[in-house]
Amino acid sequence: MTLLPRRRGTIRTILGVVTVVLLFAGIHSGAAAGAPATAATLDAWHATMAGVAPPATPGCFTADYPGLAWRETACVAPPAAPMVPKRPAPPNARIGSGYDIVAQAPTASGVITQATGSFEGVTGVSNVRSPLKEGGAPVPNAYSLQLNTNFFAAAECAGAAQPTQCTGWKQFVFANSGTTGRIFVEYWLLVYNNPCPAGWVEYPPYLPEIYCYQKSAATETANVPITDIANPNLALTGVVNTGTDTDTAIFHNGTSMMASVAPTRTHVLAPDPGWVKAEFNVFGFGNASTAEFNTNPGDPTANLTVRTRINHGGTEAPLCRVDGFTGESNNLNLGAAPDSVAPGGPAVIFNEKTGDALADGCNAAVTIGDTHQRTFAGLLYDFQATGDFVEAQVGSAFEVQTRKVSGAPSWPNASVNRSVATRMGTTRVALCDGTRLVVDGRATELAPGAAVLLPGGVGIRRDGNRYLVRDQAGNSVRVTANTGANPVYSDLQVGLGTWPVTVRGLLGNPDHNPRLLEAKDGTRFSIPISFSDLYTRFGASWRANPVTSLLQACDAVSVGNPSGPFFTGHLDPTVRQRAEAVCRQAQVPAAWLDTCTLDAAVLGPGAPAVYVGRPAPVVNANPAPATHAGMTWTVLEQRSDGIVRVGSDARTNPYQGDTAATTALPVLCLRVDGRAAPAGIPTTGFHSWAFGEVKVTGPVLGSALTSRAAADQVCASAFGTGWRTAEFHDGVGWSLWASGTLPTGRFWTAINDQPANPWS
């Protein structure tokens, strides 16, 4: 190998890092003297080498720690297996084959000139395998890292059968065969449909369409086991240099960097902007194969976070897009929702793991159980109305609706998703009662394990009781039909193909603020939202128009609102404890424990599965069960003329409460209407006239009285507008006189200035 001289085109870049090199001189001289590399010195070396561009001359190059220059090395042939482009197909449930999270340059910032893919937070990755040739057996540690451009109009398509239908594509690849690794650039002409130009190879599996590809020379490395992706300095970079008309793939393995510089084989044809989206991930070793992680019995959950960083001429965070260009895949699913960041370089970051998908698309929201809404901004709130509702609406091309049915007679104040429907473009898909699939008004059979791609580009996939519907923009609907439960219900997850984007409906938040909800007319409601506003204003505004409802093919349900709140505090203590034990045994995260407990009580022991491993909400609008002892009053004097004195007795404790919140008692309610005091009843001082009427509700668990507003709602739901919880000072103090006939016993009563309520 020879040390390459500096070229005129790279002098400025190299001189620009001389100061940085001097700053690290102590580190490098120590390393040269034989000191072992440390994480700090390796980080410093990588940071320095990031500013040292490889030569612009086509060829193969390496740079080894602690050196600060590229050296030319002998090139080798690239792998025979092509890294193929995606083809139109029904939706894939796992990452790859056209479904991935990509970073898109902001529209105003131009095109991508360089991108880097890396991994962080890697845990549980123990093995991977994929075949080296089409139809071959999977080989341990065989995989590829691909950094892919989007498809673009290419000058080389001029000789295609239909030049406007042909597109170009570039891939920056590290392919590991299980014994060696190779870095190279791969080029494609898609839908060329004429004999391939000289130097290009036809890809037969895509006949009768003709796709052409060619590869650059490759730089060879030693085998890189998949466990090495936990190395924070392992990365793959792709560079497009229009000045030198070259493309460069650079692989960082932690202690060395290897580069393959190739003359550009596909040139962007104006007015196409060219490289505007970058896809990075770990995939199978070519030929549309799958990288299978952790396939041995007892293997842990493989969990890794992908960072795709782009240089696009600006500092703005990229857009997150659901897209993908390679035909290879892996067996991972999305974990937490992706994030777009600017600090550290514009990047999209997303998590993927073995096991069930916990997110879908660039952002996801769910409506699950009976019915718990987690919005795109991360707000959790319960919504127990019945009828048809708009869950999510993005522009005019994507909408999701649910038909919610009451849990009566057992749980009249609960509701569940009975049916789900979506409109994607002009295509309408509904899953009625969890059993009937209806596409554009026609009943459609889809066997378990089958998938279909509709003419409009919408795909549907069924895996057992799970249905996935995805459009060409990456928007998706996942429905899990729990047809064995009583009542039958469906869990729904809505995924967005682009983020950020404006979402309206029950799952939307204005300004992406998890502390706000917005009605259809634009009225905003702060969290916590009152029971009345939640159902009669916000919720009512998002009821679907019966004439245009997407759920017309499904069985009709009654329409209404719950008579009162329904949270875990409303459950019988014995039922609640038993349901909570089921959730704890399933290892449901603490953030979802109350929500899971309600579901386990109402829907049965299978309900907790949807919460296992689910990321916590950002804001929880649902109150936890009240646990504080509450103050109670009793009837002190009941007159035959319908006048009653109710108040404190020897048991009453207005300072700390006197009755456990696990007790069910009536709530003492008062409506002040200004009525005059009867003769002989004082109107001032302690034990005075309250200028109204009192009544008591049926027994209510103290744990359900999670706030003064919740207690007032109990009274309003029982007796109507104007009724609220009676309070210690309504008769100035200790007791009050009012109109009414009350039963004997004890009643929950509020006190404003002491911690003697179930909620205080």
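Bear in mind the structure is a predicted one, so any value in this text is a computation, not a measurement.

A. Up close: the packing of aromatic side chains. A full pass over the atoms with the stated rule returns 23 aromatic pairs. When the centroid spacing of 5.2 Å and the interplanar angle of 20 degrees are considered together, the rings of Phe383 and Tyr535 count as stacked. You can see Phe383 sitting in the loop between β27 (379-382) and β28 (387-394) and its partner Tyr535 sitting in helix α5 (residues 531-541), a full 152 residues away along the chain. One aromatic cluster is present, formed by Phe151, Trp169, Trp188, Tyr203, Tyr206, Tyr211, Tyr213 and Phe325 through successive ring pairs. Against the face of Tyr206 rests Arg87, its NZ or CZ located 4.4 Å from the ring centre. Of note, Arg470 hangs over the ring of Tyr99, and the distance from its end group to the ring centre comes to 3.7 Å.

B. Quick peek at the sheet that holds strand β6 (residues 128-131). The strand order across the open sheet formed by four strands is β7-β6-β18-β21, and the pairing between neighbours is mixed. Both edges of this open sheet fall to β7 (138-140) and β21 (329-330), since each of them pairs with a single strand only.

C. Local environment of unusual backbone geometry. For the bond running from Asn486 to Pro487, omega is 10 degrees, close enough to zero to count as cis. Note that Pro487 resides in the loop between β37 (476-482) and β38 (489-496). Of the consecutive residues Ile527 and Pro528, the connecting peptide bond is found in the cis state with omega at 5 degrees. Tracing the backbone shows Pro528 in the loop between β41 (524-526) and α5. Even without a glycine there, the phi angle at Trp734 is positive, about 75 degrees. Following the sequence through the fold, Trp734 ends up in the loop between β49 (724-725) and β50 (735-739).

D. Inspection of the pattern of salt bridges at higher detail. Evaluation of the coordinates by the stated rule reveals 28 salt bridges. With a shortest N-O distance of 3.6 Å, Arg524 and Glu518 are connected by a salt bridge. The exposure class of Glu518 is buried, given its relative accessible area of 17%. By sharing partners, the salt bridges in this structure join Arg504, Asp511, Glu518 and Arg524 into a single network.

E. Empty space enclosed by the protein, seen in detail. Taken as a whole and assessed by the stated rule, the structure comprises two cavities of 30 Å³ or more. By volume, the largest cavity amounts to about 80 Å³. Taken together, Val420, Ala421, Thr422, Val429, Ala430, Leu431, Leu437, Ile460, Tyr467, Val469, Val477 and Val479 make up the lining of the largest cavity. Put simply, the parts of the chain that give the lining of the largest cavity at least two residues each are β30 (411-424), β31 (427-432), β36 (466-470) and β37. Lining the second largest cavity are Val667, Leu705, Ala711, Thr725, Trp748, Thr749, Ala750, Asn757, Pro758 and Trp759. For the lining of the second largest cavity, the residue count by class is seven nonpolar, three polar and no charged.

Thresholds, definitions, all that
Residues numbered from 1 in each chain as written. Predicted model: local features only at pLDDT ≥ 70, side-chain atom pairs only at ≥ 80, totals over all residues. Heavy atoms only, no water. Phe/Tyr/Trp six-rings, centres within 6.5 Å; stacked < 30°, edge-to-face > 60°. Helix = DSSP H or I, 4+ residues; strand = E, 2+ residues; numbered from the N terminus. Lys NZ or Arg CZ within 6 Å of the ring centre and 35° of its normal. Pairing = 2+ DSSP bridges. Salt bridge = Lys/Arg side-chain N within 4 Å of Asp/Glu carboxyl O. Buried < 20%, exposed > 50% of the residue type's maximum accessible area, 1.4 Å probe, protein only. 1 Å grid on protein atoms, 1.4 Å probe; cavity = no way out; pocket = protein on both sides within 12 Å on 5 of 7 lines; lining within 4 Å. Points joined across faces, edges and corners; volume = space filled by probe spheres on them. Nonpolar A, V, L, I, M, F, W, Y, C, P; charged D, E, K, R; others polar.

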